[in-house]
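This is what each chain is made of:
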Number of protein chains: 2
Amino acid sequence: MLNNKHDHSVCVETALESAQKICEERETRFTPLRRRVLELVWSKHEPITAYEVLDMLSEGKKRVAPPTVYRALDFLVEEGFVHRIESLNSFVGCSDPAHKHQGHFMICTKCSNVTEMNEQSLHNVIENAAKENGYSYENSILEIAGVCENCRA
Amino acid sequence: MLNNKHDHSVCVETALESAQKICEERETRFTPLRRRVLELVWSKHEPITAYEVLDMLSEGKKRVAPPTVYRALDFLVEEGFVHRIESLNSFVGCSDPAHKHQGHFMICTKCSNVTEMNEQSLHNVIENAAKENGYSYENSILEIAGVCENCRA
DNA sequence: TGATGGCTTGATATTTTATAACATACAGGG
DNA sequence: CCCTGTATGTTATAAAATATCAAGCCATCA
Ligand SMILES: [Zn+2]
Ligand SMILES: [Zn+2]
Ligand SMILES: [Zn+2]
Ligand SMILES: [Zn+2]
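None of these values were measured; they are calculated from a predicted model. (Residues numbered from 1 in each chain as written. Chains lettered and ligands numbered in written order. Predicted model: local features only at pLDDT ≥ 70, side-chain atom pairs only at ≥ 80, totals over all residues. Heavy atoms only, no water.)

Peer 1: Just to check I follow, could you spell out the protein's contact with DNA strand C for this structure?
Peer 2: Taken together, 16 residues lie near DNA strand C, and A:Thr31, A:Arg71, B:Tyr51, B:Tyr70 and B:Arg84 sit nearest. Counting only the atoms of DNA strand C within 4 Å of the protein, the fraction contributed by sugar and phosphate is 50%. Between B:Tyr51 and DNA strand C, the recorded distance is 2.6 Å, taken from a side-chain N or O atom to a base nitrogen. Taking B:Arg84, its side chain carries an N or O atom lying 2.6 Å from a phosphate oxygen of DNA strand C. With four residues, the single largest contributor to the surface near DNA strand C is helix α4 (residues 66-79) of chain B. (Near = heavy atom within 4 Å. Polar contact = N/O pair within 3.5 Å; in protein donor to acceptor, adjacent residues only side chain to side chain. Helix = DSSP H or I, 4+ residues; strand = E, 2+ residues; numbered from the N terminus.)

Peer 1: What should I look at first to understand the side chain of B:Glu143 in this one?
Peer 2: With respect to the secondary-structure elements, B:Glu143 resides in strand β5 (residues 139-146). Buried and unpaired, B:Glu143 has no salt bridge, with B:Arg84 as the nearest side chain of opposite charge at 7.4 Å. Here the side chain of B:Glu143 touches B:Ser87 through a polar contact of 2.5 Å, side chain to side chain. Residue contacts for B:Glu143: discarding those within four places in its chain leaves A:Asn139, A:Ser140, A:Ile141, B:Arg84, B:Ile85, B:Glu86, B:Ser87, B:Phe105 and B:Ile107. (Buried < 20%, exposed > 50% of the residue type's maximum accessible area, 1.4 Å probe, protein only. Lys, Arg positive; Asp, Glu negative; His and termini not counted. Salt bridge = Lys/Arg side-chain N within 4 Å of Asp/Glu carboxyl O. Contact = heavy atoms within 4.5 Å.)

Peer 1: Even after reading the chapter, I still don't get the pattern of salt bridges, so can you show me in this structure?
Peer 2: When the charged atoms of two side chains with opposite charge come close together, those side chains can pair. Across all of its chains, the model carries 16 salt bridges over all chains by this definition. A salt bridge links A:Glu39 to A:Arg36, with the nearest nitrogen and oxygen atoms 3.2 Å apart. Of this pair, A:Glu39 and A:Arg36 both sit in helix α2 (residues 32-41), three residues apart, which is roughly one turn of that helix. One salt bridge in this structure joins B:Glu46 and B:Lys44, with 3.9 Å as the shortest N-O distance. Take B:Lys44: its relative accessible area is 27%, and that puts it in the partly exposed class.

Peer 1: Please clarify how the coordination of the zinc ion (ligand 3) should be interpreted in this entry.
Peer 2: Any two of four tetrahedral donors ideally make an angle of 109.5 degrees at the metal, while pairs among six octahedral donors ideally make 90 or 180 degrees. Protein coordination at the zinc ion (ligand 3) comes from B:His83 (NE2), B:Cys94 (SG), B:His101 (NE2), B:Glu116 (OE) and B:Glu116 (OE), with a distance range of 1.8 to 2.7 Å. Judged by its relative accessible area of 27%, B:His101 falls in the partly exposed class. (Donors = N, O, S within 2.8 Å, 3.2 Å for Na, K, Ca; no water.)

Peer 1: Is there a simple way to explain the relation of the copies chain B and chain A in this structure?
Peer 2: Relating one copy of the chain to the other takes a rotation about an axis and a shift parallel to that axis. By a simple turn and slide, chain B fits onto chain A: the slide is 0.0 Å along the axis, the RMSD is 0.0 Å, and the turn is 180°. What the rotation and shift describe, once combined, is the action of a two-fold rotation axis. Considering only C-alpha atoms, the residue of chain B closest to the rotation axis is B:Leu142, which sits at 2.3 Å. Of the interface residues in chain B, 100% have counterparts in chain A that sit at the interface too, so the contact is made through matching surfaces. (Least-squares fit on C-alpha atoms with pLDDT ≥ 70 in both.)

Peer 1: Hey, could you run me through the protein's contact with DNA strand D in this one?
Peer 2: Lining the immediate environment of DNA strand D, one finds 16 residues, of which A:Tyr51, A:Tyr70, A:Arg84, B:Thr31 and B:Arg71 sit closest. At a separation of 2.7 Å, a base nitrogen of DNA strand D approaches a polar side-chain atom of A:Tyr51. Of all the elements in the fold, those that place two or more residues in the surface near DNA strand D are α4 (66-79) of chain A together with α2 (32-41) and α4 of chain B. Looking at the surface near DNA strand D, the element that brings in the most residues is α4(A), giving four residues. Tallied by class, residues from the surface near DNA strand D come to seven nonpolar, three polar and six charged. (Nonpolar A, V, L, I, M, F, W, Y, C, P; charged D, E, K, R; others polar.)

Peer 1: Looking at this structure, I do not really get helix α3 (residues 50-58) of chain B. What am I missing?
Peer 2: In an α-helix there are 3.6 residues to a turn, and that puts residues three or four apart on one side. All names here are of chain B. For α3, the set of buried residues is Ala-50, Val-53, Leu-54, Leu-57 and Ser-58. Burial along α3 is one-sided: seen end-on, the buried residues are contained in an arc of 130°. Considering only its buried residues, α3 is in contact with α2, α4 and β2 (90-93). Phi turns positive one or two residues past the end of α3, at Gly-60, with a value near 80°. (Arc of directions from axis to C-beta.)

Peer 1: Can you walk me through the coordination of the zinc ion (ligand 2) in this structure?
Peer 2: The protein atoms donating to the zinc ion (ligand 2) are A:Cys108 (SG), A:Cys111 (SG), A:Cys148 (SG) and A:Cys151 (SG), with metal-donor distances spanning 2.2 to 2.4 Å. Note that the zinc ion (ligand 2) binds four donor atoms; their angles at the metal cover 105 to 115°, and the shape is tetrahedral. (Tetrahedral: all angles 85-135°; square planar, octahedral: opposite > 155°, others 65-115°.)

Below, the structure is given as structure tokens:
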């Protein structure tokens, strides 16, 4: 994923097809707008802001308004196709949309690439920490900043 | 800390005195404004927004401008007296300002109380996760949403 | 067929959060 | 006192998000 040399169009295609399939299963509506916004979020492996999506979405056509983008993003986040990165006010495509989950991320401070960690063990540790502090667990965000392997090489 | 019955003025006093002492050690300037903003952040155990601080700071006197508050908050966060809660765009007093660290939090979705977790083990797990994913570790945010003991009782 | 109701998108305005840029004040060292 | 660096004041604006109401679309059913 962090390898710059991969054929990224494959990532995008896979994400779109998965989303399509999951929406059919869940009987939710994968409209052209939502599809297009998901495609734009996946246009890179870096987080993208709502307003960047808005600009890209507006290219050529009449400029769309913020609610159009935010509503589509809300849907995609709700369905688990996209995660929001709180520390960056940004969004990134989920690497495992088939299983709804909380996103736990590594963020490279040099190249801005993001790696999603889908480790159950990490999730367990977090959920236990909640219980040990007397809280019921609802959800969590974990965003780790560091420098990725590529950038240190 | 989550116990509503504690004498909160003690929390505030302790926080202000600690900050004063630490600033003397570090030879940084704990100005009246910074002191006042820290006091306001500590006015409750819930996260507080910059604009709430701004409103409280402005009571009576001429209204202060946003940069005044943000600069004071930047200083307090920098010194480790206050943590920023990314998922709420808010700030909360640090429970252990003597040792600079990353804030890891539990946030009650019912009463908005926040509990800071100062567990080294949790920190170690997170730092290891970074290394296992090929990242160097710089810092991290962990914000867990759930319902606190009080609110479930 | 065409009325109905629910969801989706469009459009306008505004709110909330945060920063840029430049001016003034103020403390400490010469 | 003057100089210098830090802190604060002031004005303006940028960036991020939401409230509200209108219009479009589509499936269902009278
Ligand atoms: Zn994911
Ligand atoms: Zn990198
Ligand atoms: Zn702390
Ligand atoms: Zn609670």
